[in-house]
Amino acid sequence: MNRPRQLFVLQLAFTLAVCAFLIVPVILSMLAGLTVNYIAGLSSGLTLRWIFEVWDGYRDTIFRSVGIALACLVVTLLLGVPTAYVLARTRNRVGRWIEELLVLPIAMPGLATALALIASYGALRGFRTSWGFILVGHVLFTLPFMVRSVLAVLQSIDLKTLEEGAASLGAGFARRFFDIVLPNCRQGILAGSLMVVTLSMGEFNMTWLLHTPLTKTLPVGLADAYASLRLEVGSAYTLIFFMMIVPLLLAMQTLARPRTTKFIADDGSAS
Amino acid sequence: MTTPLSIHLQACAKTFADGTRVLEPLDVQIRAGETLVLLGPSGCGKTTTLRLIAGLEQPDAGGKVLFDGVDVTQQSIEARNVGMVFQSYALFPNMSVAENIGYGLRIRKLPAAAQRERVAEMLEMMRIAPLADRSIDQLSGGQRQRVALARALAVRPRALLLDEPLTALDAQLRDTLRVEINQLLRRLAITTIYVTHDQAEAMALGDRIIVMSHGRVAQMGTPHEIYHQPANRYVAGFIGTMNRVQGEYRDGGVFTCPAGRLRWPGAQAAGAGELLFRPEDVSIVGEGEPADLVGTVTASLYLGDRTRLIIDLGQAQPLTMDCLARSAPAVGQSVRLQVDPQGLLALAA
């Protein structure tokens, strides 16, 4: 009689243990950023001192990361949405190939992509030393996520017929694109946007090679802080990063939830 | 509505990019205000014909589409001002019912008040006023169908093009909507091209029907002509039920077969052949009366108002006929049949 209950308790305990294994370091790290002396432990008291220190020393990296993430979003929207639209409309072999090729920048190690960029454009000094260089890397890396996310939505609706319907009512291409195509892939665009911003904010691999001392981003600064400063400072830095990224992740989860559709039975009469 | 439009297709053929010829050169004159039904199995070219008229496809070189005598072949669908209803309805999920219906008016930049008025008029006409603010995914199939019609008609199109509009609905709803669409089309007197694979729909709605097969016109005519004077065996078999009897033409207007002999008034050289007739032209006669054919009942299907009999005539294809349920013979019983000579058809393949 008691066996299912025992099993349930065991499963619950296991799940909680796994969760704890994953979450405890996060909490410890955040706490470390707020502790006066990490070695001495929490008894040394709590402080916001490290947060302010990070703010003073690394403020520019935070703004730069936000700036690059937003610029990256703009570029991926301008490039990605039309690309997804074209791919959704051309369902042939070439389209599928391009779709597959688009994933390459994700599959390739970020370091390799970064090295390729440096080898190709490193000689252009103005470009190499600007944050635009990092932006290019980020766009390469995040564009597939935007395209895939929009494409998935476009493929789930009968885009061709919807457009034909709009055309039969007199809508030209531009009207159709803005009235029908864009609103109907809103979910995909939103999901893709959050993905792009989140990935760009947290991107380290590629940025590590692409940055210059004057174009550090938040994750690069974070690595710096852990490598050269007190552990408390690095942890405070992590805390700031969390506060920026967690709301984004939560928003992404909300958007990813499937839409619930109400079903109305066919009663044969409309009234 | 504006004055009805006449549509003329001149030598319209269609070959797809992969080389498949889906439509042989087609010449059709569609009269102003009539309802023309394109009928045929899938792949017969009926939807392609509709899309040529709509402007969603271009005919092969040499083909022309004329609206009231004006060549519109090069015009895109946006410029042709035709109302279209798709099998999947193609309603915009990002808009409410009222916004869907008003979309064409918005494109035409009608004043807001005129738009509202026209949308209200359409909602009223299709009896969906209470649904105005619903979103599309809150509608049933029948309701979607009404919204699609309202949206297509709101812009006062020159012609109404319907691509299998009832196929996605269940049988009972299909019957109801068929009657409604029929009344609507009569009232509006708008030139309508209606594509369907359902012969009952075609018979009920069409002023004229074009029966299509493999990209060609098999027959064009009124429902009455199509049913009673099918041009060939394909049309005869596609529309309604048709009986076939194999036998031999003899001199003196007689056709003999293993099951008996039929009086054949038409001219026909002597020799082997086939005669066709509808189930309703067959009747059962008593022992004393002269019979044309004699057969054995192999199945009896009770349909409520009547009973359908399947009768073995000693040939591959059995004979089908209907009789009153209370006078239906039992399975296995031998029956004597008379065939109305006026219903007899001798057709080319």
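Residues numbered from 1 in each chain as written. Chains lettered and ligands numbered in written order. Predicted model: local features only at pLDDT ≥ 70, side-chain atom pairs only at ≥ 80, totals over all residues.

Novice: I keep staring at the sheet that holds strand E9 (residues 208–213) of chain B and nothing clicks. Help me out?
Specialist: Sheet strands associate in pairs through backbone hydrogen bonding, adopting either a parallel or an antiparallel arrangement. Residue and element names in this part refer to chain B. Strand order in the open sheet made by the six strands is E6-E7-E8-E3-E9-E10, with mixed pairing throughout. One side of each edge strand has no neighbouring strand; the edge strands of this open sheet are strand E6 (82–85) and strand E10 (216–221). The mean angle between the axes of side-by-side strands here comes to 15°, regardless of whether they run parallel or antiparallel. As defined by bridge partners, strand E3 (residues 35–39) adjoins strand E8 (residues 191–196) across five bridges and the pair is classed as parallel. By the bridge assignment for E8, Val37 is matched with Tyr194. (Pairing = 2+ DSSP bridges. Helix = DSSP H or I, 4+ residues; strand = E, 2+ residues; numbered from the N terminus. Axes fitted to C-alpha atoms, helices over the stretch in contact; angles between N-to-C directions.)

Novice: Any chance you could explain the nonpolar core here in plain terms?
Specialist: It is characteristic of soluble globular proteins that their nonpolar side chains tend to be buried jointly. One finds Ile101, Ala150, Leu161, Ile193 and Val211 of chain B to be the most contacted residues of the largest nonpolar core, which totals 123 residues. Examining the composition of this core, we find that 14 residues originate from one element, helix H7 (residues 131–156) of chain A, more than from any other. Once you skip the residues sitting within four places of it in the chain, Ile101 of chain B turns out to touch Val119, Met122, Leu123, Val147, Ala150, Arg151 and Ala154 of chain B. (Core = buried A, V, L, I, M, F, W, Y, C linked by C-beta atoms within 7 Å. Buried ≥ 20, exposed ≤ 12 C-beta atoms within 10 Å, placed from the backbone. Contact = placed C-beta atoms within 7 Å.)

Novice: I keep staring at the interface of chain B and chain A and nothing clicks. Help me out?
Specialist: You'll often see interface size given as the accessible area lost when the parts meet. The interface is formed by 33 residues belonging to chain B together with 24 residues belonging to chain A. Contributions of two or more residues to the side of chain B that touches chain A are made by helix H2 (77–80), E6, helix H3 (97–107), helix H5 (141–154) and helix H6 (171–188) of chain B. For the side of chain B that touches chain A, the element with the highest residue contribution is H5 of chain B, accounting for four residues. Residue composition of the side of chain B that touches chain A, by class: 17 nonpolar, 11 polar and five charged. (Nonpolar A, V, L, I, M, F, W, Y, C, P; charged D, E, K, R; others polar.)

Novice: I tried to follow the packing of helix H2 (residues 49–89) of chain A against H7 of chain A on my own but got confused; where do I start?
Specialist: Two packed helices can be described by the angle between their axes and the distance between those axes. All names here are of chain A. Packing of H2 against H7 leaves a shortest axis separation of 6 Å and a crossing angle of 40°. One element, H2, and the other, H7, form an angle in the oblique class. Seen along the crossing, H2 lies across H7 with a hand that is right-handed. By residue class, the composition of the contact of H2 with H7 is 21 nonpolar, six polar and one charged. (Parallel < 35°, antiparallel > 145°, perpendicular 65-115°, else oblique. Left-handed = near helix turned anticlockwise from the far one by under 90°.)

Novice: Mind showing me how you'd approach the pairing of E9 of chain B here?
Specialist: Within a regular beta strand, the side chains point alternately toward one face of the sheet and then the other, so they alternate between its two faces. Residues and elements named next belong to chain B. Of the pairings in the sheet, the one linking E3 to E9 comprises four bridges and is parallel in character. In the strand pairing of E9, Leu39 is matched with Val211. In this antiparallel pair of consecutive strands, E9 and E10, the connection spans two residues, and His214 shows a positive phi of 45°.

Novice: Sorry, what's going on with the environment of Gln10 of chain B here?
Specialist: Residue and element names in this part refer to chain B. Within the fold, Gln10 resides in strand E1 (residues 7–15). Residue class for Gln10 comes out partly exposed when judged on the 17 C-beta atoms lying within 10 Å of it. Along the backbone, Gln10 and Pro25 are 15 residues apart, and their C-alpha atoms lie at a distance of 7.9 Å. Apart from residues no more than four positions distant in its own chain, Gln10 is found in contact with Asp27, Gly63, Lys64 and Leu66.

Novice: Please explain the sheet that holds E1 of chain B as it appears in this structure.
Specialist: Residues and elements named next belong to chain B. Reading across the sheet, the four strands line up as E2-E1-E4-E5 and stay open at both edges, with antiparallel pairing between neighbours. Only two strands of the sheet have a single partner each, and these edge strands are strand E2 (21–30) and strand E5 (70–71). Examined bridge by bridge, E1 and E2 share six bridges and lie antiparallel to one another. Residue Cys12 lies in a different strand from E2, and its bridge partner there is Leu26. Contacting E1, E2 and strand E4 (64–67), helix H1 (residues 46–54) runs over the sheet at an angle of about 120° to E1.

Novice: Honestly, unusual backbone geometry in this entry has me stumped. Any pointers?
Specialist: All names here are of chain B. For Ala90, which is not glycine, the phi dihedral falls at a positive 55°. You can see Ala90 is positioned in the loop between E6 and H3. Judged by the 23 C-beta atoms lying within 10 Å of it, Ala90 falls in the buried class. Here His214, not a glycine, exhibits a phi torsion of approximately 45°, which is positive. Structurally, His214 can be placed in the loop between E9 and E10. Residue His214 is classed as partly exposed on the basis of its 15 C-beta neighbours within 10 Å.

Novice: I would appreciate a short explanation of H6 of chain B in the present structure.
Specialist: Its 18 residues give H6 of chain B an end-to-end C-alpha distance of 25 Å, which sits within 8% of 26 Å, the value for a rise of 1.5 Å per residue. Here the buried face of H6 of chain B lies against E3, H5, E8 and helix H7 (199–205) of chain B. (Expected span 1.5 Å × (residues − 1).)

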